[in-house]
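Chain and residue survey
Chain by chain, the residues run as shown.
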Amino acid sequence: MQQRLQKIIAAAGIASRRKAETLIAQGQVTVNGSVAGLGDKADPETDSIKVGDKTIRAQRKVYLAVNKPKNCLSTVTDPFERPTVLDLVNVRERVVPAGRLDYQSEGLIILTNDGELVRNLTRAGNCAKTYLVKIRGRLAEKDRRKLEDGIILEGKKLAPCEILLHKEADNCWYRVILFEGVNRQIRRMFGRYGYLVSKIKRIAVGPVQLGNLKPGAYRALNQNEIASLKQLHRKKGIT
């Protein structure tokens, strides 16, 4: 698929898009042996693209489902050298998390080097995320309705969500479906009405299910899952 040269150069990690435009304007970029101009496009899969004497090679797109365990960060690095989700996978490509889970939470995280998909999955309203949440006690119906309608946190009204009883017990489990990702949102939502959250496990990101993936394990997404994620865009809901 053809793309603007500055986007290809930036995706290859050679320069920012703005710097890439400068390199193109200076005549330092060639496509199939011909000097490129601003506005030119190319297909990194089929065209020979060079910046100076450096050839740009198309990077294999990687899409991984990871079951993040507790006490693991969903970041790329950590200054305190705590374990991160990147420590769990073994791929040559540089991947990043498409969204986050807090340190104490566990469950599904998507890792990929597809920047456009990361932006789509982390943009509010684009992708429903489903969690199993255990609290101390039972959620009163009036509080459940308030939480579903979207409460105000730090002056911002949260988007409506869905909360369903998942397992009846002295300390109940709930199935919570969110359409945005505010920091520590579930713990703060329930805490607003005095409920202590003891466990959070994300079991789905849009159409991708955690299934029986063990904590700390990962797998490649299949083509149907990848296609479904790319089609989400601004649709709300889950499959």
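Residues numbered from 1 in each chain as written. Predicted model: local features only at pLDDT ≥ 70, side-chain atom pairs only at ≥ 80, totals over all residues. Heavy atoms only, no water.

**What to know about the overall build of the protein**
Condition: Here a helix means four or more residues in a row that DSSP labels H or I, a strand means two or more in a row labelled E, and each is numbered from the N terminus. Only protein chains enter the accessibility calculation, which uses a 1.4 Å probe. A residue is then buried if its area is under 20% of the maximum for its type, exposed if over 50%, and partly exposed in between. Two residues qualify as a contact provided that any one of their heavy atoms is within 4.5 Å of a heavy atom in the partner residue. We score Asp and Glu as negative and Lys and Arg as positive, and we do not count His or the chain ends. A charge is said to be at NZ when it belongs to Lys, at CZ for Arg, at CG for Asp and at CD for Glu.
Looking only at helices and strands, one finds six helices and 17 strands in the protein. Considering only C-alpha atoms, the protein reaches an extent of 70 × 35 × 35 Å along its principal axes. Within the protein, the proportion of its 239 residues that are buried is 44%. Look at the contacts in the protein between residues 6 or more apart in sequence, and 63% of them connect residues 24 or more apart. Averaging the locations of the 44 positively and 24 negatively charged side chains of the protein gives two centres separated by 2 Å.

**Some thoughts on the sheet that holds strand S6 (residues 54–56)**
For the record, the criterion: For two strands to count as paired, DSSP must find a minimum of two bridges between them.
Spatial ordering of the open sheet is given by S3-S2-S5-S6, a layout of four strands whose pairing is antiparallel. Since the sheet does not close on itself, it has two edges, and those belong to strand S3 (34–35) and S6, each with one partner. By the bridge criterion, three bridges tie strand S2 (residues 29–31) to strand S5 (residues 49–51) in an arrangement that is antiparallel. Looking at S5, one finds that Val 29 is bridged to Val 51.

**A few points about the environment of Thr 75**
By the element assignment, Thr 75 lies in the loop between strand S7 (63–68) and strand S8 (96–97). Separated by 56 residues in sequence, Thr 75 and Tyr 131 have C-alpha atoms that sit 20 Å apart. Setting aside chain neighbours within four positions, we find Thr 75 in contact with Thr 84, Val 85, Leu 86, Pro 97 and Arg 100.

**As for the nonpolar core**
Rules: We define the nonpolar core as a collection of buried residues of types Ala, Val, Leu, Ile, Met, Phe, Trp, Tyr and Cys that are connected through side-chain atoms lying within 4.5 Å of one another.
Counting residues in each nonpolar core, the largest one holds 30 residues, and the members touching the most others are Val 133, Ile 163 and Phe 190. Sorting the residues of this core by element identifies S7, strand S9 (106–112), strand S10 (129–135), strand S14 (173–178), helix H5 (185–192) and strand S15 (197–205) as the ones contributing at least two each. With 17 residues, the next largest nonpolar core counts Leu 121, Cys 127, Leu 213 and Leu 221 among its residues.

**Quick word on helix H4 (residues 141–149)**
Here is the rule we go by: Along the arc lie the directions from the helix axis toward the C-beta atoms.
By the burial criterion, the buried members of H4 are Asp 143, Arg 144, Leu 147 and Glu 148. With its buried residues spanning 135° around the axis, H4 presents them on a single face. For H4, the elements touching its buried residues are strand S13 (162–167) and H5.

**A look at the packing of aromatic side chains**
Operational definition: For Phe, Tyr and Trp, where Trp contributes only its six-membered ring, two rings pair if their centres lie within 6.5 Å, and the inter-plane angle classes them as stacked under 30 degrees, edge-to-face over 60, or tilted in between. By the criterion adopted, a ring carries a charge over it if an Arg CZ or a Lys NZ lies within 6 Å of its centre and within 35 degrees of its normal.
Evaluated as defined, the whole model comprises zero aromatic pairs. Above the plane of the ring of Tyr 103 lies Arg 82, whose end atom (NZ or CZ) is 5.3 Å from the centre.

**A look at the pattern of salt bridges**
We apply this condition: Think of a salt bridge as a Lys or Arg side-chain nitrogen and an Asp or Glu carboxyl oxygen that are within 4 Å of each other.
Scanning the entire structure with this criterion turns up 12 salt bridges. Glu 141 is the salt-bridge partner of Arg 144, the closest N and O atoms lying 2.6 Å from each other. Residue Arg 144 and its partner Glu 141 are both found in helix H4; the two are separated by three residues, about one turn of the helix. Among the ionic pairs, Asp 143 bridges to Lys 142, the shortest N-O distance being 3.3 Å. Given the relative accessible area of 5%, Asp 143 is considered buried. Connected through shared salt-bridge partners, Glu 141, Arg 144, Arg 145 and Glu 148 make up one network.

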